[in-house]
Every structure is written in C-alpha cells, then in structure tokens.
Amino acid sequence: MQPIDLLLSRKSHNKLKSPGPTSEQLDVMFQAALRAPDHAMLRPWRYRIFEKQALEDLGDKFVRATQLSGQELSPEKIEKIRSKPLRAPMLIVASVVLQEHPKVPHIEQILSAGASVQNLLMAAHFQGVGAMWRTGDIAFNDHLMKLLDFEEDEIIAGFVYLGTEEGDKRKVKPFSISDFVTRFE
Ligand SMILES: Cc1cc2nc3c(=O)[nH]c(=O)nc-3n(C[C@H](O)[C@H](O)[C@H](O)COP(=O)(O)O)c2cc1C
C-alpha cells in the first residue's frame, strides 16, 4: 500500500482486543510521536503506558478522582467508571507540560501535543495496530492529574486505547472537501 493510501484509510476502533502492540511497534509509534512539529523545541509531550494490572489500578483512580470531585456514585456507575481503562489491552495517557515561553503560547504547545498524538495514531495504523483517542470528563479532572503524579502545569491531551481491531461497524461520515476548504487566487 502507498503511504498516501495508509494515511487516507486511518480510522478509529472502539472495539480492541488483545494482543496490544509489541515493544517494537510501540518504539516506532513513539519515534513518530516525538517527531511532531514543535515550536522552539519545547518538547512538551509526555506519555504514560498502562497495561495489565496497571489498567485496573487506573480504573480505581478514575473512580477516586470522580468521587473527589464531589459526585455521588451508585455501585453501577462506579463499576462503569472503573472498567473504562479495560476497553483495550493497552492505554496510553498523552499529556502536555505547559511551559512559559515568550514566543510559544500554551495553545501552540497543546496543538503540538495534538499533532504528536496524531503521529502516534498514524504509526499505530501503519503497523496494523488498532487505536482510538478518547477523553471524557475524567480527562479534565484535576484530582486524576494529582493521582497520576502530574507536574504542576501538566494537562491531559487524551487517552489512546490500543489493541487488535475487533470489527468496528461505525462508518466514516461522508464529507465534501469544499465544505471545509476555501481557495484564494
Ligand atoms: C481530543 C479528542 C478527544 C476525543 N474523545 C473522544 C471520546 O471521549 N469518545 C469518543 O467516542 N470519541 C472521542 N474522540 C473521537 C474519536 O477519537 C474518533 O476520532 C471519532 O470516533 C471518529 O472516528 P474516526 O477517527 O475513525 O474518524 C475524540 C477525538 C479527539 C481528537
């Protein structure tokens, strides 16, 4: 397959089973992620990998963080939150350490993190690894960031679920390029 065909065929997979990516595949994915455009070479991106028991522990942290934010949770809701990280054999928490820089506002650092995550997703797809980028309320929960030992100015860019595609029936929503692109001459 030509590189452009690979680029055009990426899609998210909400059903992911074992196995997760191999160490070699992960290495390629991070090489790609760390080649994202990055104004002033701040390298603001951070990645934390969770698998096996660490996924269960992360689910406990999701519950704890939600409770600390003041929400009353039924036993069913607790179980639902706890099981979220278990949707795939591997979950990567992608984050950005925001830095003060005279020429690089935070928005540029966040955009760079988005580009880094997209590079990671593409490198997963190129190697046949299924992936999905998710967030949800928990991604913006300050208590979770403390429980994950985040740095002072570190925020979550997303949760990247990784594994083997299990048949995602969702179709890509059709689009027309002209709805999004204007050309000036
Ligand atoms: C920052 C960000 C956060 C997202 N969070 C979620 C999410 O929490 N739940 C979800 O179903 N999709 C989420 N998505 C969208 C999916 O990753 C995916 O792009 C979408 O389901 C469309 O599928 P596609 O990538 O195959 O086009 C998010 C995307 C981005 C860029």
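Located above this text is the structure these notes cover.
Residues numbered from 1 in each chain as written. Predicted model: local features only at pLDDT ≥ 70, side-chain atom pairs only at ≥ 80, totals over all residues. Heavy atoms only, no water.

Trainee: Tell me about the packing of aromatic side chains, and please be specific about residues and values.
Mentor: Summed over the entire model, instances satisfying the criterion amount to two aromatic pairs. Seen from their ring centres, F62 and F159 are 5.4 Å apart, and the 50° between their planes marks the pair as tilted. Pair noted here: F62 is in helix α3 (residues 53–68) and F159 is in strand β5 (residues 154–165), with a separation of 97 residues, a long-range link. For the pair F62 and F159, a shared accessibility class is recorded, and that class is buried. A cation sits over an aromatic face here: R134 above Y161, 5.7 Å from the ring centre. (Phe/Tyr/Trp six-rings, centres within 6.5 Å; stacked < 30°, edge-to-face > 60°. Helix = DSSP H or I, 4+ residues; strand = E, 2+ residues; numbered from the N terminus. Buried < 20%, exposed > 50% of the residue type's maximum accessible area, 1.4 Å probe, protein only. Lys NZ or Arg CZ within 6 Å of the ring centre and 35° of its normal.)

Trainee: Lay out the packing of helix α2 (residues 23–33) against helix α5 (residues 106–126) in plain terms, naming residues and giving numbers.
Mentor: Contact geometry of α2 with α5 gives a least axis separation of 7 Å together with a crossing angle of 145°. In terms of crossing hand, the pair formed by α2 and α5 is right-handed. Residues V28, M29, F30, A32 and A33 of α2 lie in contact with α5, whose contacting residues are S116, N119, L120, A123 and A124. Within the contact of α2 with α5, the residues separate by chemical class into eight nonpolar, two polar and no charged. (Axes fitted to C-alpha atoms, helices over the stretch in contact; angles between N-to-C directions. Left-handed = near helix turned anticlockwise from the far one by under 90°. Contact = heavy atoms within 4.5 Å. Nonpolar A, V, L, I, M, F, W, Y, C, P; charged D, E, K, R; others polar.)

Trainee: Residue-level account of the site of the ligand, with values.
Mentor: The immediate surroundings of the ligand are formed by R10, K11, S12, M132, W133, R134, T135, G136 and R170. With respect to the ligand, the side chain of R170 contributes an N or O atom lying 3.0 Å from an oxygen atom. The protein chains hide 55% of the 610 Å² of surface that the ligand would expose on its own. Residues that form the shell around the ligand fall into these classes: two nonpolar, three polar and four charged. (Near = heavy atom within 4 Å. Polar contact = N/O pair within 3.5 Å; in protein donor to acceptor, adjacent residues only side chain to side chain. Areas by Shrake-Rupley, 256 points an atom, 1.4 Å probe, with all protein chains shown as cover.)

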